[in-house]
Amino acid sequence: MRAFIQDIRAGKVVSGASTITMQLARMLEPEKRTFLNKFKEMFRALQLERKFSKEQILEMYFNLLPYGGNVEGIKAASMIFLHRQPINLSSAEIATLLIIPNNPNRYRLGIDNNIIEMERNRWLQRFKKAGLFSSIEISQALTEPLDARRAGLPHIAHHLCNRLFAKFKNTPYIYTYIDFNTQRRTQQIIADYINKLKLWNINNAAAIVIRNRDHSVVAYAGSADFNDALHQGQVDGVNAIRSPGSALKPFMYAMAMDEGLVTPKTILYDVPCNFSGYKPQDYDRMYRGKVTVEDALLNSLNVPAVKMLNEMDLNSYLAMLEKGGCNSLKKQEKNLGLSLVLGGCGIRLYELTGLYTALACKGQYEPASFIKNEPSCKPIRLFSEDASFMISHILTEMMRYDVPVNLNDAVHFPKIAWKTGTSYGHHDGWCVGYDDRYTVGVWTGNFNDDQSPELNGSACAVPLMAQIFTTLSVYNEFNWLSFPKGLGTRWVCEETGKIPDTWCTNQVMDYYIPGVSSSAKCNHLEMVYTNPEGNISYCRSCLPKSGYCTKLYPNYPPEMLSYFNLYHIPYQKIPEHNPLCPRIFKDKEMAIQSPVNGMEYILMKNDSHSIMLKCDAGNDVSFIYWYVNDKFFGKSKPETPLFFTPSAGEVKVSCTDDKGRTSHVKIFVKEI
Ligand SMILES: [Zn+2]
Ligand SMILES: [Zn+2]
């Protein structure tokens, strides 16, 4: 009322006389200072007083105080001009921030520091008189120089902030699990590291660190430098969908172990294969013949992995990956095939790293948590503790192809389990490492999808992952991997990884899951009846009453024999079967390798192109008889293919071996 009368007398606004609440009302709805607006402010103030407590009103007031330009609120001013949190301010600094809003246009922090200091000291004296602070405190504050200058706000975990802000737009405070030091170190390591990779035209990297205990994300670096516009630094590499290469293989083998199909020493065949026209190859385009599951995983062999998945159910594998948080795969389901296990799909770094936490947590998966106070999820079992142990045990091995050649700090390489991935065409290099405490996922590559011949998981991602891991725990224990109670050990034949038979002399110790792992006996040799000269073999139907011998012959699968023939690797062949034998054999199916069943073949007119006739036959087969459209075409040895030029249209190709086993395929031939 006093101000009102004064203002009426003067004919203009000369006195403010607003309460804090009224000032807040004006800051919330800035209007011209007129009498009408004054009444509106008073009305708003009454509303505010009804709805909020005095503390809340004061807090809102502090948050809106003007500090010149676009700076609003005590906290912003404290961070921008004094570079620290309000709680860490000195009495002199508090006094400074309190007086600026009186006239933010006159007291410009960083520019008018001298005037502000004088004004501050005047107020400090008033505080002293009012007895607000002790005289010692005031005299200390009076001598404190004012060191205010404008600087940018501190920025950390840019990409995560953007991501969370997009999701929780209207939440004033978001509490993450980011560990300030880990985050800062991770960002620094990536920035330094990528400088070296730039020579190879690899300009970006992303990393995420998950603490396994509570699945919290403690570090999140989306790119090497957020402000590097030239290399799309604002793109979030942790959240980008990229091809994972071989990084999904361990989960398929874990599943195969739980289905009882394999154990670490089970022998797989790394030989040329054809899945309806899809011919996977290893990174070095070589075939190794026999390999253990262990070696196939450590050396990331493609053929055994695709063959294994072909024996299992692609959809169950996919369902397991999706249960393990790979939500990106859901949209791609229709286009996924056997190549899924080689990275023929797209996945995000945080999804992949989350999946690996299941291996670190004894087979149980929980989604990574980015913010505190989220409703917790129930752990989901992806595979057994036993399978998880066997896979982790393999992945801690250091005798493997992807130990980087230039790993200058091999001695300090953390004792962890890890796996790399390189996408097709060298676009992405991945590595995920874990022990019982942390899981660290790393991606290297270019956001504009440039490839680089040097870009691969081993050379690019492993050293970065190892560096980040080392900062987390300098001395991690090697025995973090605890042996599960249910897991068993047993001797198996080295030739097959199966339970030894009487003739299996080379045996090795292997893990197995009692009651689950296959207990099939080893059949790496088979007993064969032959004549004394050893050039005719007999079966039970044609075995003579006397004058025969028994002999052990290697029992290779037909695909392995084809491999031996292809590379001219000698092997012991079972003698030709008794030509007088009346029996028709039905075991050991033969598989026609070429032509491929159901495929369309295109032949050029007037050109002498031909199609190869080839099949995988058993060790006891000496001759194959080929038929085209049910007409005899020719006879060949299993190791030497025949060639034929078909006519256009549907063509049936069949073959019979000297034991009466048959097989056929149908193809479509187009002439252009
Ligand atoms: Zn054996
Ligand atoms: Zn016979």
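Attention in this report is confined to the structure presented alongside it. (Residues numbered from 1 in each chain as written. Chains lettered and ligands numbered in written order. Predicted model: local features only at pLDDT ≥ 70, side-chain atom pairs only at ≥ 80, totals over all residues. Heavy atoms only, no water.)

1. Quick notes on the overall build of the chain
The number of helices and strands found in the chain is 18 helices and 25 strands. Its C-alpha atoms give the chain a radius of gyration of 37 Å, more than 25% over the compact-globule value 26 Å for 672 residues. In the chain, which comprises 672 residues, the share counted as buried stands at 49%. Counting only contacts in the chain whose residues sit at least 6 apart along the sequence, the fraction spanning at least 24 positions is 63%. Summing over all exposed atoms, the chain offers an accessible surface of approximately 34,500 Å²; the carbon and sulfur share of this is 53%. Each charge class in the chain was averaged separately, 74 positive and 67 negative side chains, and the resulting centres sit 8 Å apart. (Helix = DSSP H or I, 4+ residues; strand = E, 2+ residues; numbered from the N terminus. Rg over C-alpha atoms; globule rule 2.2 N^0.38 Å. Buried < 20%, exposed > 50% of the residue type's maximum accessible area, 1.4 Å probe, protein only. Contact = heavy atoms within 4.5 Å. Areas by Shrake-Rupley, 256 points an atom, 1.4 Å probe, with all protein chains shown as cover. Lys, Arg positive; Asp, Glu negative; His and termini not counted. Charge placed at Lys NZ, Arg CZ, Asp CG, Glu CD.)

2. Things to note about the pairing of strand 2 (residues 216-221)
With 6 of 6 residues buried, strand 2 lies mostly within the body of the structure. Summarising the sheet, strand 1 (residues 204-211) and strand 2 pair through 5 bridges and their orientation is antiparallel. In the sheet register, Ile208 faces strand 2, and the bridge partner there is Tyr220. (Pairing = 2+ DSSP bridges.)

3. A word on the coordination of the zinc ion (ligand 2)
Six octahedrally arranged donors around a metal ideally form angles of 90 or 180 degrees; four tetrahedrally arranged donors ideally form angles of 109.5 degrees. At 2.2 to 2.3 Å from the zinc ion (ligand 2) lie its protein donor atoms, namely Cys539 (SG), Cys542 (SG), His577 (NE2) and Cys581 (SG). Of note is the zinc ion (ligand 2), whose 4 donor atoms meet at the metal with angles of 107 to 113 degrees in an arrangement that counts as tetrahedral. Mapped onto the polypeptide sequence, the residues donating to the zinc ion (ligand 2) form the spacing pattern C-x2-C-x34-H-x3-C. Of the two residues, Cys539 and Cys542, both sit in the buried class. (Donors = N, O, S within 2.8 Å, 3.2 Å for Na, K, Ca; no water. Tetrahedral: all angles 85-135°; square planar, octahedral: opposite > 155°, others 65-115°.)

4. A few points about the environment of Lys279
Counting through the fold element by element, Lys279 comes out in the loop between strand 4 (267-270) and strand 5 (289-292). For the pair Lys279 and Ser339, spaced 60 residues apart in sequence, the C-alpha separation works out to 10.0 Å. Among residues more than four places away in sequence, those in contact with Lys279 are Cys273 and Asn274.

5. Details of helix 7 (residues 113-130)
In this model, helix 7 (18 residues) spans 25 Å end to end at C-alpha, consistent with the 26 Å of a helix rising 1.5 Å per residue. Of the positions making up helix 7, those classed as buried are Asn113, Ile116, Glu119, Arg120, Asn121, Leu124 and Phe127. Packing partners of the buried residues in helix 7 comprise helix 6 (91-99) and helix 8 (135-143). Phi for Gly131, located one or two positions after helix 7, is positive at around 70 degrees. (Expected span 1.5 Å × (residues − 1).)

6. Digging into the coordination of the zinc ion (ligand 1)
Coordination sphere of the zinc ion (ligand 1), protein contribution only: Cys493 (SG), Cys504 (SG), Cys522 (SG) and His524 (ND1), at 2.1 to 2.2 Å. Sequence spacing of the donors to the zinc ion (ligand 1): C-x10-C-x17-C-x1-H. With a gap of 20 residues between them, Cys504 in the loop between strand 12 (488-493) and strand 13 (507-512) and His524 in the loop between strand 13 and strand 14 (525-530) connect regions that are remote in the sequence. Here Cys504 and His524 have matching classes, each one buried.

7. Quick look at the sheet that holds strand 17 (residues 576-577)
With mixed pairing, the 4 strands of this open sheet are ordered in space as 16-14-15-17. Edge strands, defined here as strands with exactly one partner in the open sheet, are strand 16 (549-554) and strand 17. As paired elements, strand 14 and strand 15 (residues 536-538) share 2 bridges and run antiparallel to each other. Among the inter-strand pairings, Thr530 is bridged to a residue of strand 15, identified as Ser537.

8. Thoughts on the nonpolar core
Counting residues in each nonpolar core, the largest one holds 87 residues, and the members touching the most others are Leu248, Phe251, Tyr253 and Tyr317. Broken down by element, the residue count for this core peaks at 8 residues, all from helix 15 (residues 349-360). Other than its neighbours up to four places away in sequence, Tyr253 contacts Val262, Leu268, Val293, Ala296, Leu297, Pro304, Ala305, Met308 and Ile391. In terms of nonpolar packing, the next biggest core, distinct from the first, is built from 31 residues, Val209, Val462, Met465 and Ile468 among them. (Core = buried A, V, L, I, M, F, W, Y, C linked by side-chain atoms within 4.5 Å.)

9. Describing the sheet that holds strand 11 (residues 438-445)
The strand order across the open sheet built from 5 strands is 2-1-11-10-9, with neighbouring strands paired in antiparallel fashion. A single partner strand is all that each edge strand has here, and the edge strands are strand 2 and strand 9 (417-422). Averaged over all neighbouring strand pairs, the angle between strand axes comes to 10 degrees, with direction disregarded. Sheet contacts for helix 10 (residues 180-197): strand 1, strand 2 and strand 11; angle to strand 2, the most-contacted strand, approximately 35 degrees. (Axes fitted to C-alpha atoms, helices over the stretch in contact; angles between N-to-C directions.)

10. What about the pattern of salt bridges?
Taken as a whole and assessed by the stated rule, the structure comprises 22 salt bridges. With a shortest N-O distance of 2.9 Å, Arg242 and Asp449 are connected by a salt bridge. Linking Arg242 in strand 3 (residues 241-242) with Asp449 in the loop between strand 11 and helix 17 (457-472), this pair joins segments that are 207 residues apart in sequence. With relative accessibility at 38%, the residue Asp449 sits in the partly exposed group. One salt bridge in this structure joins Arg661 and Asp657, with 2.8 Å as the shortest N-O distance. There is no split in this pair, since Arg661 and Asp657 are both buried. (Salt bridge = Lys/Arg side-chain N within 4 Å of Asp/Glu carboxyl O.)

11. Observations concerning unusual backbone geometry
A cis amide bond, omega 0 degrees, links Ser594 with the succeeding residue Pro595. The topology assignment puts Pro595 in the loop between strand 18 (591-594) and strand 19 (600-603). Look at Gln232: it is not a glycine, yet its phi comes out positive at around 50 degrees. Mapped onto the fold, Gln232 is located in the loop between strand 2 and strand 3.

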